[in-house]
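Results of the structural survey
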Amino acid sequence: MRNFTNVSDIGPLDIAVKEALKVKSDRFAYSALGKNRTLMMIFFNSSLRTRLSTQKAAMNLGMNVIVLDVNQGTWKLETERGVIMDGDKAEHLLEAIPVMGCYCDIIGVRSFAGLNDKTEDYEERVINQFIKYSGRPVFSMEAATRHPLQSFADLITIEEFKTKPRPKVVMTWAPHPRALPQAVPNSFAEWMNATDYEFVITHPHGYELDSFIGNARVEYDQRKALEGADFVYAKNWAAYTDPNYGKVLSTDRAWTVDSEKMALTDNAFFMHCLPVRRNMIVTDEVIESERSIVIPEAANREISAQVVLKRMLESL
Ligand code: CP
């Protein structure tokens with residue numbers, strides 16, 4: 001695998017999940033693969049899980065790891081071509097990217113949507129510049145429109161916990177005080193659409209997502225959507241459709257996932273990518289319940305990252 005930015009890069013999902021479970025059963029089995037190879041992880045935005053799990057995955061494979069926080073301790077970077085650089089940005093991404101490529105074998109990039117300009121966000125300008133100019137294989141650690149390492153971990157988790165071949169998975173919008181990108185719900189929809197699960201999305205009017213949702217059923221009545229669910233995947237996202245792109249249209253806590261909503265399901269497992277705002281997205285009671293699988297889900301981030309890095313190393 002050269003680059004990893006979306007579900008199609010991983011190939012057939014049944015094979016990917018099988019490989020993930022094998023890696024999970026002995027995560028040090030491939031520790032010679034990354035010897036004398038260096039992973040550079042570049043963060044334009046904050047992270048807890050992605051940073052730690054990807055670093056751990058690389059260490060399991062015997063790699064060296066360099067972590068760069070672009071907004072701390074490096075020159076401020078200009079990303080637009082043609083700009084007269086007479087402001088506070090001392091270096092252009094077009095020099096910085098190939099320089100970074102000189103010091104490593106594989107690059108991971110986290111660069112969120114700015115939520116100001118939909119065209120710019122959905123063109124994925126930052127990660128695509130890394131792919132074009134670094135000379136190295138590049139993987140997404142959450143880009144503007146997708147978070148494939150998260151979705152892969154979500155899929156592994158559902159496969160581990162499901163009790164029927166074709167579970168009903170419901171992704172529900174839930175309230176949040178700040179505007180959040182659509183990357184996680186876009187990506188989750190893309191990965192769920194690549195399975196044969198029953199997949200339903202529920203959100204208030206105005207929160208329609210881009211074409212990533214494919215043929216998924218959209219149900220505006222959250223309670224109806226949750227009926228008979230086997231997995232409830234909660235997430236907030238800002239509006240995608242114009243003229244409200246990037247805006248918070250609602251913080252209605254009637255959409256918070258609580259015990260009464262979970263009672264409508266078929267004893268569903270509760271999932272969230274984390275970090276989560278308690279009692280906005282989900283109540284304390286639900287996230288602390290025995291049906292909450294947010295911690296195993298986060299733990300699988302190490303496994304999804306390790307499969308992706310393993311495949312990239314095998315292709316070097
Ligand atoms: N879920 C996830 O990507 O977490 P972080 O933002 O902490 O990396």
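Rules of the game
- Starting from 1, residues in each chain are numbered consecutively following that chain's sequence as written.
- Local features are withheld for residues below a pLDDT of 70 in this predicted model, meaning they are given only at 70 or higher, and side-chain atom pairs are given and counted only at 80 or more; totals for whole chains, interfaces and linings count all residues.
- Only hydrogens and water are set aside; all other atoms, that is, all heavy atoms of the structure, feed into the side-chain values.
- Helix numbering and strand numbering both begin at the N terminus, where a helix is a DSSP run of H or I of at least 4 residues and a strand a DSSP run of E of at least 2.
- Computation of the radius of gyration draws on C-alpha atoms alone. For the globule rule, the value is 2.2 Å times the number of residues to the power 0.38.
- Accessible area is worked out with a 1.4 Å probe on protein chains only. A residue is then buried under 20% of its type maximum, exposed over 50%, and partly exposed in between.
- Should any heavy atoms of two residues lie within 4.5 Å, those residues are considered in contact.
- Computed with the Shrake-Rupley method and a 1.4 Å probe, the accessible areas treat only the protein chains shown as cover for residues.
- In this tally Asp and Glu are treated as negative and Lys and Arg as positive; neither His nor the chain ends contributes.
- We put the charge of a Lys on NZ, of an Arg on CZ, of an Asp on CG and of a Glu on CD.
- Any Lys or Arg side-chain nitrogen found within 4 Å of a carboxyl oxygen on Asp or Glu counts as a salt bridge.
- In this analysis an axis means a line fitted to C-alpha atoms, helices contributing only their contacting stretch, and an angle means the value between N-to-C directions, from 0 to 180 degrees.
- Here is the rule for angles: anything less than 35 degrees is roughly parallel, anything more than 145 is roughly antiparallel, 65 through 115 is roughly perpendicular, and the remaining ranges are oblique.
- Helix crossings fall into two classes, left-handed where the near helix is turned counterclockwise from the far one by less than a right angle and right-handed where it is turned clockwise.
- Throughout, the ten residues Ala, Val, Leu, Ile, Met, Phe, Trp, Tyr, Cys and Pro are labelled nonpolar, Asp, Glu, Lys and Arg are labelled charged, and all others, Gly among them, are labelled polar.
- Aromatic rings from Phe, Tyr and Trp, with only the six-membered ring used for Trp, were paired whenever their centres fell within 6.5 Å, and each pair was classed as stacked if the ring planes differed by under 30 degrees, edge-to-face if by over 60, and tilted otherwise.
- Buried Ala, Val, Leu, Ile, Met, Phe, Trp, Tyr and Cys residues that are joined via side-chain atoms within 4.5 Å together make up what is termed a nonpolar core.

The next subject is the overall build of the protein chain. Helix and strand counts for the protein chain come out as 11 helices and 11 strands. Taking 316 residues into account, the globule formula puts the C-alpha radius of gyration at 20 Å, and the protein chain, at 20 Å, falls close to it. Viewed in the frame of its principal axes, the protein chain has a C-alpha envelope of about 55 × 50 × 35 Å. When burial is assessed residue by residue, the protein chain has 56% of its 316 residues classed as buried. For the protein chain, the share of sequence-separated contacts (at least 6 apart) that also reach a separation of at least 24 residues comes to 78%. Here the protein chain displays about 13,700 Å² of accessible surface, and carbon together with sulfur accounts for 49% of that area. Charge separation in the protein chain, taken as the distance between the mean sites of 37 positive and 42 negative side-chain charges, equals 4 Å.

This brings us to helix 7 (residues 183-193). Counting buried positions along helix 7 yields 10 of 11 residues, so the element is predominantly enclosed. Every buried residue belonging to helix 7 is among Ala-183, Val-184, Pro-185, Asn-186, Ser-187, Phe-188, Ala-189, Glu-190, Trp-191 and Met-192, and all of these are buried. Contacts from the buried residues of helix 7 go to helix 1 (13-25), helix 4 (118-122), helix 6 (148-161), strand 7 (168-173), strand 8 (198-202) and strand 10 (231-235).

It is worth spelling out the environment of Glu-80 at this point. Secondary-structure assignment places Glu-80 in the loop between strand 3 (77-78) and strand 4 (91-92). Exposure remark for Glu-80: the relative accessible area of 29% places this residue in the partly exposed category. Sequence-wise, Glu-80 and Lys-56 are 24 residues apart; in three dimensions their C-alpha atoms are separated by 33 Å. Contact partners of Glu-80, with chain neighbours within four places excluded, come to His-92, Glu-120 and Arg-125.

Let us now look at the pattern of salt bridges. Evaluation of the coordinates by the stated rule reveals 22 salt bridges. Between Glu-19 and Arg-311 there is a salt bridge whose closest N-O contact spans 2.8 Å. Highlighted residues: Glu-19 in helix 1 and Arg-311 in helix 11 (residues 294-314), separated in sequence by 292 residues. Judged by its relative accessible area of 16%, Glu-19 falls in the buried class. Connected through shared salt-bridge partners, Glu-19, Lys-310, Arg-311 and Glu-314 make up one network.

Moving on: the packing of helix 2 (residues 49-60) against helix 11. The geometry of helix 2 relative to helix 11 is characterised by a closest axis approach of 8 Å and an angle of 50° between their N-to-C directions. By the criterion of interaxial angle, the relationship of helix 2 to helix 11 is oblique. Relative to helix 11, helix 2 is oriented so that their crossing is right-handed. On the side of helix 2, the interface is formed by Arg-49, Thr-50, Ser-53, Thr-54, Lys-56, Ala-57, Ala-58 and Asn-60, while helix 11 contributes Ala-298, Arg-301, Glu-302, Ala-305, Gln-306 and Leu-309. Tallied by class, the residues present in the contact of helix 2 with helix 11 amount to five nonpolar, five polar and four charged.

A few words now on the packing of aromatic side chains. What characterises a pair of aromatic rings is the spacing of the ring centres plus the angle enclosed by the ring planes. Applying the stated criterion across every chain, the model contains 13 aromatic pairs. Ring centres of Tyr-122 and Tyr-245 lie 6.3 Å apart, and the angle between their planes is 75°; on these two criteria the pair is classed as edge-to-face. Here Tyr-122, found in helix 4, pairs with Tyr-245, found in the loop between strand 10 and helix 9 (259-262); they are 123 residues apart in sequence, far enough to count as distant. With 5.2 Å between their ring centres and 70° between their planes, Phe-161 and Phe-269 make a pair best called edge-to-face.

The next subject is the nonpolar core. Grouped together as the largest cluster of nonpolar side chains are 55 residues, with contacts concentrated most on Ile-10, Phe-139, Phe-152, Phe-199, Val-308 and Leu-309. When residues of this core are assigned to their parent elements, the largest contribution, seven residues, is made by helix 11. Those residues in contact with Ile-10 that lie beyond four places of it in its chain are Met-1, Phe-4, Ala-16, Phe-152, Trp-191, Val-308 and Arg-311. Leu-226, Ala-234, Val-257 and Val-282 belong to the second-largest nonpolar core, a separate cluster that totals 19 residues.

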